[in-house]
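# Close look at the chain arrangement
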Amino acid sequence: MALKCGIVGLPNVGKSTLFNCLSNAKAQSANFPFCTIEPNVGVISVPDDRLTKLVEMCQPRSTVPATVEIVDIAGLVKGASKGEGLGNKFLANIRETDAILHVLRCFDDDNITHVDGSVDPVRDKEIIDAELLIKDLETVDSRIAKTQKQATTGGDKVAKMQLEVLLKFKEALDQGLPARSVEIEGADEQKFARELFLLTSKPVLYVCNVDDASAVSGNAYVDAVREAVKNEGAGILIVAAQSESEIAELDTWEERSEFLAEMGLDESGISRLIRAAYALLDLQTFFTAGADEVRAWTFIRGSKAPKCAGIIHSDFEKGFIRAEVIKYDDFVSLGSEKAVREAGRMAVEGKEYVVNDGDIMHFLFNV
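Described below are features of the structure shown in this document. Note that the structure is a prediction, hence the values are computed from the model and not measured. (Residues numbered from 1 in each chain as written. Predicted model: local features only at pLDDT ≥ 70, side-chain atom pairs only at ≥ 80, totals over all residues. Heavy atoms only, no water.)

A few words on the sheet that holds strand 4 (residues 67–72). With mixed pairing, the six strands of this open sheet are ordered in space as 2-4-1-5-6-7. The sheet terminates laterally at strand 2 (40–45) and strand 7 (235–239), the two strands that pair on one side only. On average, adjacent strands in this sheet sit at an angle of 25° to one another, irrespective of strand direction. Docked against the sheet, helix 4 (residues 121–153) engages strand 1 (3–8), strand 5 (99–105) and strand 6 (204–209), running at close to 145° with respect to strand 5. (Pairing = 2+ DSSP bridges. Helix = DSSP H or I, 4+ residues; strand = E, 2+ residues; numbered from the N terminus. Axes fitted to C-alpha atoms, helices over the stretch in contact; angles between N-to-C directions. Contact = heavy atoms within 4.5 Å.)

Turning our eyes to something else, we now look at the pairing of strand 7. Counted residue by residue, strand 7 has four buried out of five residues, so it is predominantly covered. Here five bridges tie strand 6 to strand 7, and the two strands are oriented parallel to one another. Looking across to strand 7, one finds that L205 is bridged to G235. Of the crossover connections in this fold, the one passing from strand 6 over helix 7 (residues 220–228) to the parallel strand 7 is right-handed. (Buried < 20%, exposed > 50% of the residue type's maximum accessible area, 1.4 Å probe, protein only. Right-handed = clockwise from strand over helix to strand, strands pointing away.)

This part takes up a negative patch on the surface. Among the surface-exposed residues, D108, D110, D211, D212 and E246 lie close enough to one another that they form a single negatively charged patch. Relative to the elements of secondary structure, D211 occurs in the loop between strand 6 and helix 7. With relative accessibility at 31%, the residue D211 sits in the partly exposed group. (Patch = residues over 30% accessible without salt bridge, like charges linked within 9 Å, V, L, I, M, F, W, Y side chains within 5 Å. Areas by Shrake-Rupley, 256 points an atom, 1.4 Å probe, with all protein chains shown as cover. Salt bridge = Lys/Arg side-chain N within 4 Å of Asp/Glu carboxyl O. Lys, Arg positive; Asp, Glu negative; His and termini not counted. Charge placed at Lys NZ, Arg CZ, Asp CG, Glu CD.)

This part covers the side chain of D330. Mapping D330 onto the fold places it in helix 13 (residues 328–334). Separated by 3.2 Å, the side chains of D330 and R345 make a polar contact. Apart from the residues lying within four places of it in its own chain, the contact partners of D330 are G335, V340 and R345. (Polar contact = N/O pair within 3.5 Å; in protein donor to acceptor, adjacent residues only side chain to side chain.)

Before going further, it helps to examine the packing of aromatic side chains. Under the criterion given, the structure shown has five aromatic pairs. Ring centres of F286 and F299 lie 5.8 Å apart, and the angle between their planes is 50°; this geometry places the pair in the tilted category. With a gap of 13 residues between them, F286 in strand 8 (residues 283–289) and F299 in strand 9 (residues 293–300) connect regions that are remote in the sequence. Judged by its relative accessible area of 0%, F286 falls in the buried class. Residue classification places F299 among the buried positions, given a relative accessible area of 0%. Taken together, the aromatic side chains of F286, W297, F299, F320 and F363 make up a single cluster linked through ring pairs. Stacked on the ring of F107, the Lys or Arg R105 has its end atom at 4.6 Å from the ring centre. Against the face of W297 rests R295, its NZ or CZ located 4.1 Å from the ring centre. (Phe/Tyr/Trp six-rings, centres within 6.5 Å; stacked < 30°, edge-to-face > 60°. Lys NZ or Arg CZ within 6 Å of the ring centre and 35° of its normal.)

Rendered as structure tokens:
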């Protein structure tokens with residue numbers, strides 16, 4: 001499973017600049033609203049020192065890192081859900097993402113126009129939140145209209161279940177609460193809720209775009225955002241997007257490290273953002289490693305071996321027999337799979353094994 005994140009925010013807050021940091025694609029970036037006319041989509045590799053070490057040891061014919069897909073849409077404005085600015089078609093571009101990266105302008109610069117005339121990240125956040133919520137309410141109301149008759153007069157049990165879920169969402173949205181605040185019980189109910197692709201049901205990572213001087217500890221704008229979202233269960237990340245984009249352009253690791261050190265940072269905002277997104281969605285990584293290929297696979301924390309096998313191929317899950325598991329530290333310290341086997345450090349696990357972050361897996365199956 002590849003992580004897919006959508007970048008949202010008002011115009012001129014640094015969305016496309018952040019996208020340029022994250023992706024090999026170079027989105028147009030300029031000092032005017034609606035610079036991004038079509039949604040930019042970039043796929044980036046997840047930085048992971050463990051994968052680099054496994055490649056060094058195995059010398060495989062191919063290497064496949066875990067990836068994150070980033071969708072950058074045009075800047076939204078107040079009324080976007082009703083067609084203001086470039087309209088609500090852009091909201092549809094983030095419906096099927098796993099998480100939202102909400103970029104907030106937390107820096108002063110008289111040379112960069114703010115669409116609302118002044119810098120106020122909390123106000124900006126509330127504008128975007130309202131547009132996402134209004135769009136969700138529109139979706140829910142539309143589905144209620146289609147489902148209500150079947151549920152109340154047709155005796156359709158599935159429609160009745162769906163209506164109950166829809167009404168729960170409507171109650172919350174009418175009160176200005178996001179869909180993720182609604183607790184949905186039951187596997188069928190949860191599946192239906194996911195299929196609605198409600199924008200406010202998605203986990204949010206607030207990306208505070210700051211100036212270089214605030215890149216390490218933030219500033220008063222960041223403090224205000226932190227206070228405003230303290231009860232949301234959302235993540236907050238501080239990034240100096242303009243400098244990060246310059247770092248991304250440097251050719252060597254040494255040059256990038258030197259630039260970061262000058263800013264007082266140990267690692268790039270890209271790495272911190274991806275790690276924060278993984279934590280937000282409770283994601284981890286397991287590996288497959290051999291002479292043919294070394295590959296990183298993304299899975300949800302707590303997944304059992306058959307489920308992880310299914311990430312590689314559905315047949316692996318259907319016909320799962322057992323899994324051979326090597327701990328990453330054992331592989332590195334002993335030097336090879338052969339040495340791990342000889343040392344008796346390879347575990348053979350069944351269907352109830354909960355895969356751990358960093359496990360090196362070999363699945364045996366029969367279909």
